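Residue-level listing of the chains:
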Amino acid sequence: MKQTIALFALTLTLFACNIKNEHDPNVLATEACSCFNDRTSGSIDSRLDTCFAKRVNDEFNEIHKVYYKEEPVEIAIQKYMLDVSLSMIRTCDKFANEVDSMYTNFFPKISKDSIKTDLFSIGDSLKNVDLTDSGKVALLDRRINLLMRARLFSAWSSDIEILENKYQKTSENRFARAYIYRAERKYDEAIKILNESIEKDKKEDFKVFKELLLKKKNGR
């Protein structure tokens, strides 16, 4: 009887391991990378949908038996797909380069001359003594966005300090700081900022940006 029970337990263990191996995020990342490399047209989203998102959705009942089974399905699938994405960034250069390009263009570049009029108008509006705090925040956010797009990073820093010291720190502000540190190749500083946002703002998606910075920092 004991031998039968032990054999049954071993069979269940091996079965569970087979499921885990089949759907291991690293295994799926390798397969998705090969698929992604073979596709040269279409948006990154459409290629990822073909290469792994559809498969995860179709097979997630089996995946959920092993990965994040204590979480609701919606949360579990987000966490699992994040695991696959992080693994792809580490091991799939084409995917990592395209995601990195998306972050580079998060603030589409514009010329410095094109924002002169807007900057003057915003500066003039900020002098209005009757301006509410929410109005000031909105104007500062708009000016920061313009300065980021014009790559005038030094001018941006004073505005973000006003927002953070006088109003509040937000995940958007932290992202912007990390974005600038990345442009300046100050990877340790950028990673520190992202870690704060992941911990304090619960921005799990920032782990993707962090993984890209770790890849750059380590020359991978």
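Located above this text is the structure these notes cover.
By convention here, each chain's residues receive numbers from 1 onward along its written sequence. Totals for whole chains, interfaces and linings use all residues, but because this is a predicted model, local features are given only for residues with pLDDT of at least 70 and pairs of side-chain atoms are given and counted only at 80 or more. Side-chain metrics rest on all non-hydrogen atoms present in the structure, leaving aside hydrogens and water.

1. Some points on the nonpolar core
Step number 1: Definition used in this section: a nonpolar core is a set of buried Ala, Val, Leu, Ile, Met, Phe, Trp, Tyr and Cys residues joined via side-chain atoms within 4.5 Å. Think of it in three bands: residues with accessible area under 20% of the maximum for their type are buried, residues over 50% are exposed, and the middle band is partly exposed, with areas taken using a 1.4 Å probe on protein chains only. Counting residues in each nonpolar core, the largest one holds 57 residues, and the members touching the most others are Phe-52, Val-56, Tyr-80, Met-88, Phe-95, Met-148 and Trp-156.
Step number 2: For this core, the element with the most residues is helix 4 (residues 73–91), which contributes 8 residues.
Step number 3: Whether two residues touch is decided by their heavy atoms; if any such pair falls within 4.5 Å, the residues are in contact. In this view, Val-56 contacts Leu-28, Ile-63, Ile-77, Tyr-80 and Met-81; residues no more than four positions away in its chain are not counted. The helix and strand labels rest on DSSP assignments: H or I over at least four residues marks a helix, E over at least two residues marks a strand, and numbering proceeds from the N terminus.

2. Observations concerning the packing of aromatic side chains
Step number 1: In this analysis, rings of Phe, Tyr and Trp, with Trp reduced to its six-membered ring, are considered paired at centre separations within 6.5 Å, and the interplanar angle assigns stacked below 30 degrees, edge-to-face beyond 60, and tilted for intermediate values. Evaluated as defined, the whole model comprises 11 aromatic pairs.
Step number 2: With 5.7 Å between their ring centres and 90 degrees between their planes, Phe-36 and Phe-95 make a pair best called edge-to-face. Pair noted here: Phe-36 is in helix 2 (residues 25–38) and Phe-95 is in helix 5 (residues 93–104), with a separation of 59 residues, a long-range link.
Step number 3: Using a relative accessible area of 0% as the deciding quantity, one classes Phe-36 as buried.
Step number 4: Ring geometry for Tyr-103 versus Phe-175: centroids 6.1 Å apart, planes at 40 degrees, classification tilted. Taken as a pair, Tyr-103 in helix 5 and Phe-175 in helix 9 (residues 171–183) lie far apart in primary sequence, 72 residues in all. As far as burial versus exposure is concerned, Tyr-103 and Phe-175 are alike and both buried.

3. Overview of the side chain of Arg-174
Step number 1: Residue position: Arg-174 is located in helix 9.
Step number 2: N or O atoms closer than or at 3.5 Å make up a polar contact, with two conditions inside protein: a donor-capable atom paired with an acceptor-capable one, and, for residues adjacent in sequence, both atoms drawn from side chains. For Arg-174, the side chain forms a polar contact with the side chain of Asp-201, separated by 2.8 Å.
Step number 3: Apart from residues no more than four positions distant in its own chain, Arg-174 is found in contact with Lys-169, Ile-193, Glu-196, Ser-197, Lys-200 and Asp-201.

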